Amino acid sequence: MFENLLRYRGGRYFWWSAVLVVACIGVFVTHGRAEPPNGGTWQGYTLGTIGAVLILWLTWLGVRKRSYRSSMGTVRGWTSAHVYLGTACLIIASLHSALQFGWNVHTLSYVLMCLVIFSGFYGLYVYINYPRSLSDNRAGGSRESLFAELYELNKRGMTLARLSSPSVQQAVVSSIERTAIGGGLLDQLLARDGSLIALGDGKPQPNPDQQITIDMVADLIPRSEKSQEVVALEELLSVLCRRQTILRRLRKDIRLQGWLQIWLYVHVPLTIALLGALVVHIITTFFYW
Amino acid sequence: MEPTKHVGAGEGGSSHYKIAIVGSGPGGLSAAARAQFHDAAEGVSTPSYVLLESFEAHAKTIQQYQKGKHVMDEPGFLDLRSDFDFRAGTREAILGGWQDSLASQGVNIRYGAEVTRIAQQDHLFTLTLGNGESLTADNVILGIGIAGNPRKLGAPGENLRLVQYQLDDPKAHSGERVFVVGAGDAAIENALGLAAQNRVTIVNRRGEFSRAKDGNLNAVLAAINDSSSSFDCLYETGVKEVIETPDAEHPLQITFNTPDGEKAFGCDRIIARLGGIPPRKFVESIGVEFPNDKPDAIPELSSTYESNVPGLYVIGALAGYPLIKQAMNQGYDVIEFIRGNLIDPADHPLLEYQFHCMPFLRPVNDLLELFQQRIPMFRELNSLSFRELLIESNVMVSYPEGPMFDEAQEKRDALSTQLASRNPKPRMPNLIREGEYLFRKGEYAASFFTIIEGEVVITEDGVERTLGRGEFFGESSLISGQPRLGDAKAASNCILIETPRRTMVKLMNSNEEVRAGIDWIFVVRELRRHFAPTADFKDLRDIALACPISQHKAGDVLFSEGEEGAVMHLVRRGSVTLTRSLDNGQQALVAELRSGELVGQMALMGDAVRRETATATVATETIEINRANFLALVGREGAQVDALQRRVSARMLAVSQMEVRPESGSMMRFLMGEGLGEATDTLIIDESLCVGCDNCEKACAETHGGISRLDRRAGKTFANVHVPISCRHCEHPHCMKDCPPNAIQRAIDGEVFIDDSCIGCGNCEANCPYDVIKLAYPAPPKPGLLQWILLGRGSGPGEEPGYQPSEAAKAGGKKAVKCDACMSRKGGAACVAACPTGAAIRISPDQFIELVG
Ligand SMILES: Cc1cc2nc3c(=O)[nH]c(=O)nc-3n(C[C@H](O)[C@H](O)[C@H](O)COP(=O)(O)OP(=O)(O)OC[C@H]3O[C@@H](n4cnc5c(N)ncnc54)[C@H](O)[C@@H]3O)c2cc1C
Ligand code: HEM
Ligand code: SF4
Ligand code: SF4
């Protein structure tokens, strides 16, 4: 019922691309001995034209994806074709260039295209693998429901801490108040935990994974003398541990979602750069041959 | 607004009027205005009528609309006939206009005059008011609407000034100590609205908020648990009394019975939202009869709106006419009728148009009578109901291709031009050619056809049957909510009435004969389809009468695994799941069966011990067939035993294949809980493919006026299957139920959609159990895609967050918006077409099993 991008219609566009690549190789091998493979031969022109058209079509995905009234195929079909034909583009452009490189705009175009394509590979990898991890990590809930649970746990933790000694109260309240989720781009992508805690001297210190708070409360339980306090501390501990789990999940959620999106910020701008380079490449080819 | 009081000369101990009008809604106002017109024309000095209103202003129902609500004047094709004006506009403008007319025409209205009792003796009515006063009248017009009066606290002090039963604007109060009594949506919404700027406690008689919608439930629980706010709740608490405490800090003191004993609190205001008392009891106490006990039953009325109590007339919403203009027209007409002036009702021209292309010319009223006589099932209807049925129906006339058809077509075109300037156009006669299809197999319409004249050929499973005058068809889809089972073709010289589903449902709910008649034919035809396709109608009628129809609520068990069974069920509406218990105690789902399928037939065809447990997943009705009836059916000549046995084997095979997947039971329960048991077309997202790009939502907004009708993030998830908040296109759409202008329709392909006649009343929003309808102002237009890509203008594709509607949009009022499954879009649903990864799909019932497995 559900199939991923690669399996769309039994991998129909894989076969299209394969045929295209084989045809292009066929063109390529007709290069005679007298004429070494090159962008300037008729074969070179043919391959170049195919490559350029492909790149324009691949770029058009950005428009098709947002042409919501279009009934020309589905975005999913387009994307499936995009990844296969995009990959084919790598081979076709390589044949076109015959791997002759130098410090010029032609090679720049090739390199940019490679970067776009390799970022595409990465994107495809995350598109196929991360959603399941995200879904498993949310365990039937959503990011909103995780935040809602965290909010409840925070309140419960604060209330319980107030029943305890001032030092526990200070530790728990400060660690809850200074829990950091998200943060800058890198913090998000690496799920870095910049949480702090203020102990006795009031100076904030790092509290990764809330471990200091948890250890402190766990340590206190066997030492406490009042049975009422033990009950409160035990409950506090379970709240803190649950909180730790939720925080881990949230960070993981943010991290995975970040990687799912960040690559497009490479893929798309590089595509624009590629289009620019391509135009210059074509113009110079024709005018300064 | 300062209501002026026009005291009738007759006020005092023993006042008598020719006509007493109860309730000053649009119906009552219009009636009073007409009565006043005649008084003025005849120059009588003391009014011959009185208009009694329980509220302190006129038209309470409309006073209670939201501030600034745009009131619409649907149905557009009906003309207004009233001495009061009414045109679409804001609530304030309309109420103000009526206020002025009340004063300028000198209408004899009494405010704060709740009629608590009406008794009749010797053709004289005695009306008793809330303050004990009484008056008499020769005729009574009841225009009290259906909103009912709010249920009071039921404790001493319930009528104190600061104990209120309605809250216009929560923002108008601040810094107060308020108790909100009640646990329904209105109570929760009021309490939360006040909580931001007041100290609020919500008082719940029970231990939980079970009557509230999900959204309100979550919001109130969150607010109660939020320790940073002062909002709290008293559970299992009732009100003992309220007293005024003028010298204390707070003007009121309220005492509760709580689980921990009595508790008293000072407060500034008490808001009780305990629902309304439907007016039915009151109406019945006068002697008016209702056809049955259904909550939406309408009193039986004559064509002059007179009830079975002579001299007592019923108009407006209480008479089953849910719109303002209809109520006003009836108010006018009813006064004329009482005065003996039998004018044609205001909707008369509508029927004239509908009858325009008849093969014979006769006055509308004669045709009405003739038609009614021709249909045995409708003969017993009162003429008002039949008239209403026709007005809401399509009249179809068939002619053979050729000069006759062309002539009729010309006539129709002429009428069409004559009415061209009217927007919307009244219903036109429907011309069809002989041999034309009325519907085809698989279409989703649920309209009901009756044959006045001519013949119709029905083809089902290859069997052809001809129906004639007085017979009806289309009942199968009407009851099951499923697509048409066969084709229907008009033969020669047909005159047909096609009645929309809603009208039929209303009629079946209010008329026992019609319900029984349709039910019975349904059973006969269903038995014939399953067991004896060639059987004669007559042969099956007695068996049909002997097969009871049983009703099951969602979750009811029809039979359990292991018990002995003696009946089988034929599902006629809803859905039933079959589960089998596994060794590890889990329940494995083995089948989901919808209307038209047999359940538990093995008990009669093989082993009597049930192998599965059958549970209704939604409100379900089944035809029960016991052994004797079964034998009578299959014992007949030409019975279809073979086919039946083949179907049983196929089922057994499917069942054994299903059983190997034990986890399927919980998945199915999840999906059923999400309403998929009654869904025809649902958006499902595979979370293991969804990259969260929201392109589905953006596509929805872009193709639907800038407002997304789906909320991807919201909704529940089980394993990796996510059911977002989005319309399920239910078999029997709950949203259609109380739509006053009948704006919610089902298209031939099954899409449930809302048309332009929506008046924004919010009934559908409240009735949809899946929270998929919202009321919204039209969104302003946005810069195009290229402008956004190249120039960065606008917020990009998708619904603009927190958009500001234009002034024109605001003046037009909010309208209900929901998914229409992109019925007019060529490439299918936009959400699915826009998903880059294939995570979003739409599924139909036959795919559930695949999804679960
Ligand atoms: C939210 C909402 C929005 C709506 N929007 C529209 C719209 O845009 N356009 C439209 O056409 N329709 C609309 N409707 C429907 C419309 O309000 C009703 O059809 C109409 O009010 C019915 O008129 P009525 O005269 O029958 O009764 P009502 O208007 O209900 O009036 C009944 C009156 O009787 C009084 N009364 C009741 N009991 C007694 C008693 N025992 N003694 C004395 N007086 C009594 C009441 O106080 C009230 O004033 C809407 C309805 C709702 C709920
Ligand atoms: C020269 C080659 C390529 C070009 C010019 C190109 C260009 C683009 C563009 C313009 C988009 C639209 C992004 C957006 O608007 O959100 C896109 C999306 C995408 N590309 Fe490429 N691409 C190329 C090759 C590839 C390759 C080789 C792959 C993978 C094997 C790939 C995978 C993707 C994916 C998965 C998307 C996301 C689709 C979506 O979320 O809608 N691309 N690409
Ligand atoms: S709006 Fe709600 S009730 Fe109406 S069809 Fe859709 S899901 Fe069903
Ligand atoms: S379009 Fe598809 S991938 Fe994107 S959010 Fe919607 S379901 Fe998920």
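Per chain, residues are indexed from 1 in the order of the written sequence. Written order decides the labels, with chains lettered from A and ligands numbered from 1. Local features in this predicted model are restricted to residues of pLDDT 70 or higher, and side-chain atom pairs are both shown and tallied only at a pLDDT of 80 or more, whereas totals for entire chains, interfaces and linings draw on every residue. Remark: hydrogens and water are excluded; side-chain values derive from all non-hydrogen atoms of the structure.

## Section: the coordination of the iron atom of ligand 2
Coordinating N, O and S atoms are those within 2.8 Å of the metal (3.2 Å for Na, K and Ca), and as water is not part of the atoms, a site may appear to have fewer donors than expected. Around the iron atom of ligand 2, the protein contributes the donor atoms His82(A) (NE2) and His267(A) (NE2), which lie 2.0 Å from the metal centre. For each residue, the accessible area found with a 1.4 Å probe, counting protein chains only, is set against the maximum for its type, and the residue is called buried under 20%, exposed over 50%, and partly exposed in between. In this structure His82(A) comes out as buried when scored by relative accessible area, which is 16%.

## Concerning the site of ligand 1
All names here are of chain B. Proximity criterion: a residue is near a molecule or strand once any of its heavy atoms comes within 4 Å of it. Around ligand 1, a shell composed of 30 residues is seen, among which Glu-53, Thr-61, Tyr-65, Ala-317 and Pro-322 lie nearest. Within 3.5 Å is the distance limit for a polar contact, defined as a pair of N or O atoms, with the added protein rule that one can donate a hydrogen and the other accept it, and that residues adjacent in sequence qualify only through two side-chain atoms. Tyr-65 is positioned with one of its side-chain polar atoms (N or O) 2.5 Å from an oxygen atom of ligand 1. With residues, only the protein chains shown are counted as cover, and all accessible areas are computed by Shrake-Rupley using a 1.4 Å probe. Against a free-state accessible area of 1000 Å², the protein chains account for coverage of 89% of ligand 1. Labels follow the DSSP assignment, with helices taken as runs of H or I lasting at least four residues and strands as runs of E lasting at least two, numbered in each case from the N terminus. Elements that contribute at least two residues to the shell around ligand 1 include exactly helix 1 (26-42) and helix 2 (60-63). Any residue outside Ala, Val, Leu, Ile, Met, Phe, Trp, Tyr, Cys, Pro, Asp, Glu, Lys and Arg is labelled polar, Gly included; the first ten of those are nonpolar and the last four are charged. Classifying every residue of the shell around ligand 1 by side-chain character gives 16 nonpolar, 10 polar and four charged.

## Some details on the site of ligand 4
For ligand 4, the set of nearby residues contains 14 residues, the closest of which are Cys690(B), Cys693(B), Asp694(B), Cys696(B) and Cys835(B). Taken together, the residues of the shell around ligand 4 break down into nine nonpolar, three polar and two charged.

## Regarding the sheet that holds strand 10 (residues 163-164) of chain B
All names here are of chain B. Pairing is parallel across the open sheet formed by five strands, whose spatial order is 10-17-11-12-13. This sheet does not close on itself; its edge strands, each paired only once, are strand 10 and strand 13 (232-234). Note on pairing: two strands pair once DSSP finds at least 2 bridges between them. Of the strand pairs in this sheet, strand 11 (residues 177-181) and strand 12 (residues 199-203) are connected by five bridges, and their pairing is parallel. Residue pairing across strands places Phe-179 opposite Thr-201, the latter belonging to strand 12. Contacts are residue-level and defined by heavy atoms, with any inter-residue pair within 4.5 Å sufficient. Axis geometry follows a simple rule: fit a line to the C-alpha atoms, using only the stretch in contact for helices, then measure angles between N-to-C directions, giving values from 0 to 180 degrees. Here helix 4 (residues 185-195) sits on the sheet in contact with strand 11, strand 12 and strand 17 (269-272), set at roughly 165° to strand 12.

## Some thoughts on the interface of chain B and chain A
Accessible area lost during the coming together of the parts is what is often quoted as the interface size. At the junction of the two partners, chain B supplies 42 residues and chain A supplies 29 residues. Reported buried area values correspond to the accessible surface (1.4 Å probe) lost by two parts on association, with both partners' losses combined. The junction of chain B with chain A conceals about 2900 Å² of combined surface from both sides, 58% of it contributed by carbon and sulfur atoms. Note on definitions: salt bridges are taken to be side-chain nitrogens of Lys or Arg within 4 Å of carboxyl oxygens of Asp or Glu. If you look at where chain B meets chain A, you find one salt bridge. A salt bridge links Arg713(B) to Glu144(A); the shortest N-O distance between them is 3.5 Å. Our count for the contact surface shared by chain B and chain A stands at 11 residue pairs in polar contact (both at pLDDT 80 or more). Taken together, the elements giving at least two residues each to the side of chain B that touches chain A come down to strand 37 (682-686), helix 21 (695-703), strand 38 (711-718), helix 23 (785-791), helix 25 (830-834), strand 44 (840-843) and helix 26 (848-852) of chain B. Looking at side-chain class alone, the side of chain B that touches chain A contains 20 nonpolar, 13 polar and nine charged residues.

## A closer look at the environment of Thr46(A)
Residue and element names in this part refer to chain A. Structurally, Thr-46 is set in helix 2 (residues 42-64). Using a relative accessible area of 29% as the deciding quantity, one classes Thr-46 as partly exposed. For the pair Thr-46 and Val-27, spaced 19 residues apart in the sequence, the C-alpha separation amounts to 8.3 Å.

## With respect to a negative patch on the surface
Residue and element names in this part refer to chain B. Exposure above 30% relative accessible area and the absence of a salt bridge qualify a residue for a patch, where like charges join within 9 Å and nonpolar side chains (Val, Leu, Ile, Met, Phe, Trp, Tyr) within 5 Å. Note on charges: Lys and Arg go in the positive column, Asp and Glu in the negative column, and His and the chain ends are not counted at all. Charge positions come from single atoms, namely NZ of Lys, CZ of Arg, CG of Asp or CD of Glu. Residues Glu-289, Glu-300, Glu-380 and Glu-513 make up a contiguous surface patch of negative charge. Residue placement: Glu-380 occurs in the loop between helix 10 (376-379) and helix 11 (383-392). Residue Glu-380 is classed as exposed on the basis of its relative accessible area of 58%.

## Examining the pattern of salt bridges
All names here are of chain A. Per the counting criterion, the structure on display carries 45 salt bridges over all chains. Arg-156 is paired through a salt bridge with Glu-235; the nearest N and O atoms lie 3.0 Å apart. With Arg-156 in helix 5 (residues 143-162) and Glu-235 in helix 9 (residues 227-262), this pair connects stretches of sequence that are 79 residues apart. Using a relative accessible area of 35% as the deciding quantity, one classes Arg-156 as partly exposed. Classification of Glu-235 by relative accessible area gives partly exposed; the value is 32%.

## Structural notes on helix 1 (residues 12-29) of chain A
Every α-helical turn comprises 3.6 residues, leaving residues that sit three or four positions apart pointing alike. All names here are of chain A. Working rule for helices: expected span equals 1.5 Å times residues minus one. An ideal rise of 1.5 Å per residue puts 26 Å on 18 residues; helix 1 measures up with 26 Å between its terminal C-alpha atoms. Inspection of helix 1 places Tyr-13, Ser-17, Val-21 and Cys-24 among the buried residues, and these make up the whole buried set. On an axial view of helix 1, the arc spanned by its buried residues comes to 75°, and they lie on one face. Across helix 1 from its buried face, at more than 90 degrees, point the exposed residues Trp-15, Val-19, Val-22 and Val-29. Buried-residue contacts for helix 1 involve helix 2 and helix 3 (75-97). In this description, one arc is meant: the one made by directions from the helix axis to the C-beta atoms.

## What about the domain arrangement of chain A?
Residues and elements named next belong to chain A. Domain ranges listed in this record stem from an automatic or a database domain assignment. Taken domain by domain, chain A holds domain 1 (2-137 + 262-288) and domain 2 (143-260). On a C-alpha basis, the centres of domain 1 and domain 2 stand 48 Å from each other. Each side of the interface is counted separately: domain 1 has nine residues, and domain 2 has 10 residues. At the boundary of domain 1 with domain 2, total buried surface from both sides reaches about 1000 Å², with 65% on carbon and sulfur atoms. A per-residue breakdown of the area domain 1 buries against domain 2 is headed by Leu-134, Asn-137 and Ile-262, which together make up 63% of the total. Inspection of the region where domain 1 meets domain 2 yields zero salt bridges. On the surface where domain 1 and domain 2 come into contact, there are three residue pairs in polar contact (both at pLDDT 80 or more).

## Regarding helix 10 (residues 264-287) of chain A
Between the first and last C-alpha of helix 10 of chain A there are 34 Å, a value that for 24 residues agrees with the 34 Å anticipated at 1.5 Å per step. Within helix 10 of chain A, the full set of buried residues consists of His267(A), Thr271(A), Leu274(A), Ala277(A), Leu278(A), His281(A) and Thr285(A).

## A closer look at the packing of helix 1 of chain B against helix 7 (residues 324-338) of chain B
Residues and elements named next belong to chain B. Here helix 1 crosses helix 7 at 35°, and the two axes come no closer than 7 Å. By crossing handedness, the relation of helix 1 to helix 7 is classed as right-handed. On helix 7, the residues touching Pro-26, Gly-27, Ser-30, Ala-31, Arg-34, Ala-35 and His-38 of helix 1 are Ile-324, Ala-327, Met-328, Gly-331, Tyr-332, Val-334, Ile-335 and Glu-336. Classifying every residue of the contact of helix 1 with helix 7 gives nine nonpolar, four polar and two charged. Here is the rule for handedness: rotate from the far helix to the near one, and if that takes an anticlockwise turn smaller than a right angle the crossing is left-handed, while a clockwise turn gives right-handed.

## A closer look at empty space enclosed by the protein
In this approach, a probe sized like a water molecule rolls over the atoms, and the result shows the empty space that is left. All names here are of chain B. Only protein atoms enter the 1 Å grid, on which a cavity is a set of points fitting a 1.4 Å probe that cannot get out and a pocket is an open set with protein on both sides within 12 Å along at least 5 of 7 lines, lining residues being those with an atom within 4 Å of a point. Grid points are joined across faces, edges and corners, and a volume is the space filled by probe spheres set on the points. Evaluated as defined, the whole model comprises 11 cavities of 30 Å³ or more. Considered as a void within the structure, the largest cavity measures approximately 300 Å³ in volume. Residue lining of the largest cavity: 20 residues in total, with Ile-298, Ser-385, Glu-388, Leu-507 and Ser-510 positioned closest to the centre. Secondary-structure elements contributing two or more residues to the lining of the largest cavity are helix 11 and helix 14 (501-510). Here the lining of the largest cavity gets five residues from one element, more than from any other, and that element is helix 11. In the lining of the largest cavity, the residues fall into 10 nonpolar, six polar and four charged.

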